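Geometric and topological summary
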Amino acid sequence: MPSPLTHEPTSPTANRPTNLGHAISDHGNRVDAVEKVTGKARYARDRYLPNSLFACFVRCPYGAARLESYDLEAARNTPGVVEVEVAASEGRYQGQTVGHLAAESHAAMRRGLQALAAKWRPKDCVVEIEQAMSAGPDLAPETKAVLSRADFVLDAVYTTPVQTHCSLETHGTVVDHKGESAIAYVSTQGTFASTDGLDEPMGLPRSRYEVVCEYIGGGFGSKLNGAGKEGALAARLSAKHRRPVYVFVDRQEEHLDTGNRPSSRTHVRVGIRKDGQIVGGQIRKWGGVGISNRGGGVNIPSGRYNLGAISEWFEDVTFNAGSPRPFRAPGCPQGAFAEELMLDELAAAIHMDPLELRLKAVGDAEHGDMLRRGAELIGWNRRQANGAGAGPLRRGFGVGTTHWSRFPAEVEAEVVIRRDGSIEARTGTQDIGTGQRTVMATIAADALGVPIEAVDVRIGRSSLPAGPASGGSVTAHNSCPAMHEAARDARNKLLQAVADRAAAEVTTLQLRDGVIYNEGRHLMSFREACAVLRGDSVTGRGSWNAQKLGADKTGGTSNGAQFVELVVDVETGVIRVERIVAIQACGRVVNRKTAESQIIGGVIQGLSYALFEQRILDRRLGSMVNPNLEMYKIAGTADMPRIEPVLWPQPNSGVRSLGEPPTIPTSGAIACALFNAIGAPARSLPLTPARVLAALAAAKGGAQ
Amino acid sequence: MTSLAYARANSFDEARSLLTNGRYRLPVLKSGGMDIVDLMKEGLLAPDLLIDVRSAHGQGDSIQQRGDRLWITPNATLAEIAASPIVRSAAPGLAQACESAATPQVRNVASAAGNLLQRPRCWYFRNEEFPCLKKGGATCYALEGENQYHAIFGDGPCYIVHPSNLAPALIVLDGRVEVAGADRDSIPVAELFHMPEQGVRSEHNLRKGEVITGITCSTAPTSGFYAIKEKQSFDWPLVFAVASLMMNGPTIAEARLCAGAVAPIPWRLENVEQALRGVSPADEQALRRACAPSVEGANPMSQNAYKTQLLPVAVRRAIQRAAGLPVEDAT
């Protein structure tokens, strides 16, 4: 099948599809870009209100420990301390909360905690999957029969570490409770979901308090549970003291107790025939969920490849550490890392190009087209056989695929046009950084027929029309049709008013580029039209829900494929990723810059996961040794490859999901490229120099 | 209630008198303040007086050629040293060592003396949950814990690696710190630090009340630095090495070598220095043979044996860089 893209790239931006018509806004900046880069944008963490109390939790410092003593009196008597409470004396993970302390200032809060002098006695603890997992089932007779049909059976274990979300704005809430009413400034992915945890501590009906989240400094899934325990504490204390209460965790607490991507262990025994047919086998998976007992799922098989008859088994493994929360495509990067590297190892065993194996194994035509196009863009024909290079620097190429579905959400939207010509687009869902403000402004302006600057967007408040929590990549594709409908409704109401005044037929009126036309002739400006309104304003309404989504035929999955080119220094084990071509479908593109930013951000997060990130717990005490941004290593500017986002053209599609799929395939594609470069698989993330050298040594040992 | 006073010293004499007048429980000198702020936040240091010495060196250039040696004010920032035309031509290994450290933001603030005297980055030391030997506790947690970034040389009882990029570079350049406040004028940088068994609570040998007033080193146009890091943005080296060479035509007449991030102090490699005599840096096989003994005496722990693989590579590449040879790598 011929590629839908015809021209050759000369620069990252030249990779853009030729048919740009499907992007509603091709060059638009974020509507709130200036606010964000000048510091004018106010995040919940910025809300230092007059007369505030500052509160924090008392936490267990070890993986398992007993609180043996503390000095409540000394803490209470510390100048500035307002209240302190210790409610439990057992801790089962580092960061577990056992009490709280509130004070007049941040400094007094810290001094109070010191004066509390909590003495904990550490107990034995378990800190990783391998210490607590069950063996899992042996090969069933049917699986043995499947494997017997293979020419080669791969028996391999893949592991991934815990990745913490590392939101730059840590978790927290400021509550300003005035008795009869209150405002909660929450750093959240769920403005409306936040009320679930706040009603009780607020002691107010939802009609009496508002949740505000105008900006959020990162969440990635960890802020889906509304205001969380931080918000509940702030609400309870603010209701009690009738003062604003500020609760934001610090960087260490953020690593320990605000969620993470769980660790994983995947054991595959999968067979392949010489002709490239994967016959199936067994895949056993363990997810390291810390103190939780769920949430460790590992998404392999992903469903993107035909892996034959697979017998799957999974176990959540509990131990003494903070528990997972959803993290940008939960379970998927873990699974994709194992699946993609497994495919490359299977291909190597039968001396087949891993791209060819994928083209055989992918279940849909679009992924096949993407694989072929990506191979052209990265220059796959330059790929040598695994480990074929010589000298200290070895070049490698790798590939991975991704997909994501459209999940439904309930959205309500309003567009208000006022007599002075001002326009408000209103829907309460927050912007988690993806560009929701820009997307809503673009849709409303486009549907009205006015310039984007004419639209003021109101989001991130529970007093606005309801919208979803931003998880599962639901926000844009569910909000857009609702906002579109609201804008169309408002426009129709305005045009009706104009028709009434001008004695014209509403069906012959048009609103385009801020001008009203009647039968194609200039009638009046948009502003003049607004002045004819009898009341102060007209309000258009729109909505979207599961039923409408189900009936919509323009949807579908957001497929993608990523190609990696890297260089490895085999003397030091240092990897330099040079290029990543990231092909991604997301249906109709609303704003090209924010769409490409989503892809680039997903790739960066995937690269950082592949090469650097890991929560490291001391094996004896269960305390995290790198709970900071110094030794918890995250990719920085000098680690960046050239990232080339390619928005796959889908001109007849509606808006589809985009937030999560671009981060899924990156780590697997990097691991495959490393395998290609050095001829040995490194089956554990992160791919540190030590791991690369160990993989090389193992391969050398095996060859002797 | 903790109180903290701040004083700006206009001369090192003034700094020294503030340090020794006995009016404060724990007066501490600060130049850039990078590490001081970290230590205070980590609860490892609670001074009641900060003496800011940034304006203490008076007039004059912060980096000067004095006869056959370089003189650097202790307040010179890493960025200044890295960018200095004098240092870049007369001691490129030193410039490269400064350029490789931390981030541009840190280098613009961090001082030369502060780089020498900063406390180690060991995650057990820096983490209040672990009452390690350095904090007066009974255990080195690294020994049976998470030790991938710890020392491969030394017999304990503490397994930090010394964090300074500058110190090994100065050592191969016969560097000295000029000091005021005791019966000595200067100390070789090679004698500025001690192993944990000589005192685990501190890393350096300055005496109480002693102040670094200058840093000097010889010039060595054939010097070079090489670091191996996991991340290329803002990371501490896994291993690094600095080389200074005296050439006799195409071969090495005499070499000075020092490695970092492998031991509790800057780690001299005298055995490799011996082996390098008469070797041509362009002869890669001979160079590899000469660098191999760099790991002699290493005694790695459970997770840091990879450093023994990295060290000879870092040493070889530092020598190649010193000799002006191209180094092909993945950074």
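Reading guide: rules and limits
Residues numbered from 1 in each chain as written. Chains lettered and ligands numbered in written order. Predicted model: local features only at pLDDT ≥ 70, side-chain atom pairs only at ≥ 80, totals over all residues. Heavy atoms only, no water. Helix = DSSP H or I, 4+ residues; strand = E, 2+ residues; numbered from the N terminus. Rg over C-alpha atoms; globule rule 2.2 N^0.38 Å. Buried < 20%, exposed > 50% of the residue type's maximum accessible area, 1.4 Å probe, protein only. Contact = heavy atoms within 4.5 Å. Buried area = accessible area lost by both parts, 1.4 Å probe. Salt bridge = Lys/Arg side-chain N within 4 Å of Asp/Glu carboxyl O. Polar contact = N/O pair within 3.5 Å; in protein donor to acceptor, adjacent residues only side chain to side chain. Nonpolar A, V, L, I, M, F, W, Y, C, P; charged D, E, K, R; others polar. Axes fitted to C-alpha atoms, helices over the stretch in contact; angles between N-to-C directions. Parallel < 35°, antiparallel > 145°, perpendicular 65-115°, else oblique. Left-handed = near helix turned anticlockwise from the far one by under 90°. pLDDT = per-residue confidence, 0-100. Pairing = 2+ DSSP bridges. Arc of directions from axis to C-beta. Core = buried A, V, L, I, M, F, W, Y, C linked by side-chain atoms within 4.5 Å. 1 Å grid on protein atoms, 1.4 Å probe; cavity = no way out; pocket = protein on both sides within 12 Å on 5 of 7 lines; lining within 4 Å. Points joined across faces, edges and corners; volume = space filled by probe spheres on them.

A short note on the overall build of chain A
For chain A, the count of helices and strands is 18 helices and 29 strands. For 704 residues, the compact-globule estimate of 2.2 N^0.38 gives 27 Å, and chain A sits close to it at 28 Å. Buried residues in chain A amount to 60% of all 704 residues. Taking all contacts inside chain A whose residues are at least 6 apart in sequence as the whole, residues at least 24 apart take part in 80%.

Notes on the interface of chain A and chain B
The parts lose accessible area when they come together, and the size of an interface is often stated as this lost area. Tallying the contact residues gives 39 residues for chain A and 38 residues for chain B. Carbon and sulfur atoms make up 53% of the area that chain A and chain B hide from each other, which totals about 3,400 Å². Between chain A and chain B we count 9 salt bridges in total. Ionic pairing is found between Glu230(B) and Lys633(A), a salt bridge with its closest N-O pair at 2.9 Å. Linking chain A with chain B are 21 residue pairs in polar contact (both at pLDDT 80 or more), by the criterion used here. Elements with a contribution of two residues or more to the side of chain A that touches chain B: helix H3 (106–116), strand S26 (560–569) and helix H18 (689–703) of chain A. Residue contributions to the side of chain A that touches chain B peak at 3 residues, all from H18(A). Its residues placed into classes, the side of chain A that touches chain B shows 20 nonpolar, 8 polar and 11 charged.

Thoughts on the packing of helix H6 (residues 194–202) of chain A against helix H7 (residues 228–241) of chain A
Helices that pack against each other are described as a pair by the angle of their axes relative to one another and the distance between those axes. Residues and elements named next belong to chain A. H7 packs onto H6 with a crossing angle of 25° between their chain directions and a minimal axis gap of 8 Å. When the axes of H6 and H7 are compared, the pair comes out roughly parallel. You can see that H6 and H7 cross each other, and the crossing is right-handed. In contact with Gly197, Leu198, Pro201 and Met202 of H6, H7 contributes Gly231, Ala232, Ala235, Arg236 and Ala239. Of the residues contributing to the contact of H6 with H7, the split by class is 6 nonpolar, 2 polar and 1 charged.

Remarks on the confidence of the model for chain A
Averaged over all residues, the pLDDT of chain A is 95; the fraction at 70 or higher stands at 96%. Counting interchain partners and residues more than four positions distant, the pLDDT-below-50 stretch residues 1–21 of chain A has 39 contacts.

Regarding the sheet that holds strand S8 (residues 211–218) of chain B
Residues and elements named next belong to chain B. Judged by pairing direction, the sheet is antiparallel, and its 5 strands sit side by side in the order S4-S5-S8-S6-S7 without closing on themselves. The two strands at the open ends of the sheet, each matched to only one other strand, are strand S4 (63–66) and strand S7 (186–188). For this sheet the average axis-to-axis angle between neighbouring strands, irrespective of direction, equals 25°. This element, helix H1 (residues 12–20), spans strand S6 (176–180) and S8 of the sheet and lies at about 135° to S8.

Observations concerning the pairing of strand S16 (residues 278–288) of chain A
All names here are of chain A. The element S16 is largely enclosed, with a buried count of 11 among its 11 residues. Sheet analysis places strand S15 (residues 263–272) next to S16, joined by 10 bridges and oriented antiparallel. Considered in S16, the bridge of Gly271 is made with Gly280. In this structure, the hairpin formed by S15 and S16 is closed by a connection of 5 residues, where Gly276 is found at a positive phi of approximately 95°. Pairing of S16 with strand S17 (residues 309–317) involves 9 bridges; the strand directions are parallel.

As for the sheet that holds strand S11 (residues 251–260) of chain B
All names here are of chain B. Taken in spatial order, the 4 strands make up an open sheet running S9-S10-S11-S12, and their pairing is antiparallel. Both outer strands of the open sheet, strand S9 (223–228) and strand S12 (267–268), are each paired with one neighbouring strand and no more. Pairing geometry for strand S10 (residues 239–248) and S11, over 9 bridges, is antiparallel. If you follow Ala243 over to S11, its bridge partner there is Leu257. Those strands touched by helix H5 (residues 92–100) are S9 and S10, and its axis lies near 25° from that of S9. Sitting on the sheet, helix H11 (residues 306–322) touches S9, S10 and S11, and the angle it makes with S10 is about 40°.

With respect to helix H2 (residues 34–41) of chain B
Residues and elements named next belong to chain B. Taken as a whole, H2 has its buried residues at Asp35, Ile36 and Leu39. The buried side chains of H2 occupy one side of the element, clustering within an arc of 105° when seen end-on. The inward-facing, buried residues of H2 contact strand S2 (27–30) and strand S3 (49–52).

Section: the nonpolar core
Counting residues in hydrophobic clusters, the biggest one holds 88 residues, and the most contacted among them are Leu101(A), Tyr124(B), Leu257(B), Val262(B), Leu276(B), Val315(B) and Ile319(B). A per-element tally of this core places H11(B) first, with 8 residues. Those residues in contact with Leu101(A), other than ones at most four positions away along the chain, are Phe54(A), Ala55(A), Cys56(A), Ala75(A), Val81(A), Glu83(A), Val84(A), Met109(A), Gly112(A) and Leu113(A). Membership of the second largest hydrophobic core comes to 78 residues, among which are Val270(A), Leu647(A), Ala677(A) and Ala682(A).

Considering the pattern of salt bridges
In total, this model carries 68 salt bridges over all chains according to the counting rule given. A salt bridge links Glu424(A) to Arg458(A), with the nearest nitrogen and oxygen atoms 3.7 Å apart. With a gap of 34 residues between them, Glu424(A) in strand S20 (residues 423–426) and Arg458(A) in strand S21 (residues 455–458) connect regions that are remote in the sequence. With a relative accessible area of 37%, Arg458(A) lands in the partly exposed category. Here Asp35(B) and Arg121(B) are joined by a salt bridge, their closest N and O atoms 3.5 Å apart. With Asp35(B) in helix H2 and Arg121(B) in the loop between helix H7 (112–117) and helix H8 (166–172), the pair connects residues that are 86 residues apart, well separated along the chain. Each member of the pair, Asp35(B) as well as Arg121(B), carries the same accessibility label: buried. Overlapping salt bridges, with partners in common, bring together Arg382(A), Arg395(A), Glu565(A), Arg576(A), Glu578(A), Arg579(A), Arg642(A) and Glu644(A) in one network.

Considering empty space enclosed by the protein
Residue and element names in this part refer to chain B. All chains considered together, the criterion is met by 9 cavities of 30 Å³ or more. Its boundaries defined by the atoms lining it, the largest cavity holds a volume of some 230 Å³. For the largest cavity, the lining is made up of 17 residues, of which Arg121, Tyr149, Val161, Trp236 and Pro237 are closest to its centre. Of the residues in the lining of the largest cavity, the class split is 11 nonpolar, 2 polar and 4 charged. By volume, the second largest cavity is sized at about 70 Å³. If you trace the second largest cavity, you find 13 residues lining it, with Cys122, Cys132, Cys140, Cys158 and Ile160 closest to the centre. The residue makeup of the lining of the second largest cavity, split by class, is 11 nonpolar, 1 polar and 1 charged.

What about the packing of helix H12 (residues 436–448) of chain A against helix H13 (residues 475–502) of chain A?
Residue and element names in this part refer to chain A. It is at 8 Å that the axes of H12 and H13 come closest, and there the two elements cross at 35°. Seen along the crossing, H12 lies across H13 with a hand that is right-handed. Touching Gln436, Val439, Met440, Ile443, Ala444, Ala447 and Leu448 of H12 are Thr475, Ala476, Ser479, Cys480, Met483, His484, Ala487, Arg488, Ala490 and Arg491, all from H13. Considering only residue class, the contact of H12 with H13 consists of 11 nonpolar, 4 polar and 2 charged.

Section: the side chain of Ser222(A)
Residue and element names in this part refer to chain A. Mapping Ser222 onto the fold places it in the loop between strand S12 (209–212) and H7. Of note is the side chain of Ser222, whose polar atom sits 2.7 Å from the backbone oxygen of Gly219. Apart from residues lying up to four places away in sequence, Ser222 is in contact with His165, Ser167, His171, Gln189, Thr258, Arg325 and Pro326.

Digging into H5(B)
Residues and elements named next belong to chain B. Among the 9 residues that make up H5, 7 are buried, leaving the element largely enclosed by the rest of the structure. Inspection of H5 places Pro92, Gly93, Leu94, Ala95, Ala97, Cys98 and Ser100 among the buried residues, and these make up the whole buried set. Where H5 ends, the next residue or the one after it, Ala102, has phi of about 50°, a positive value.

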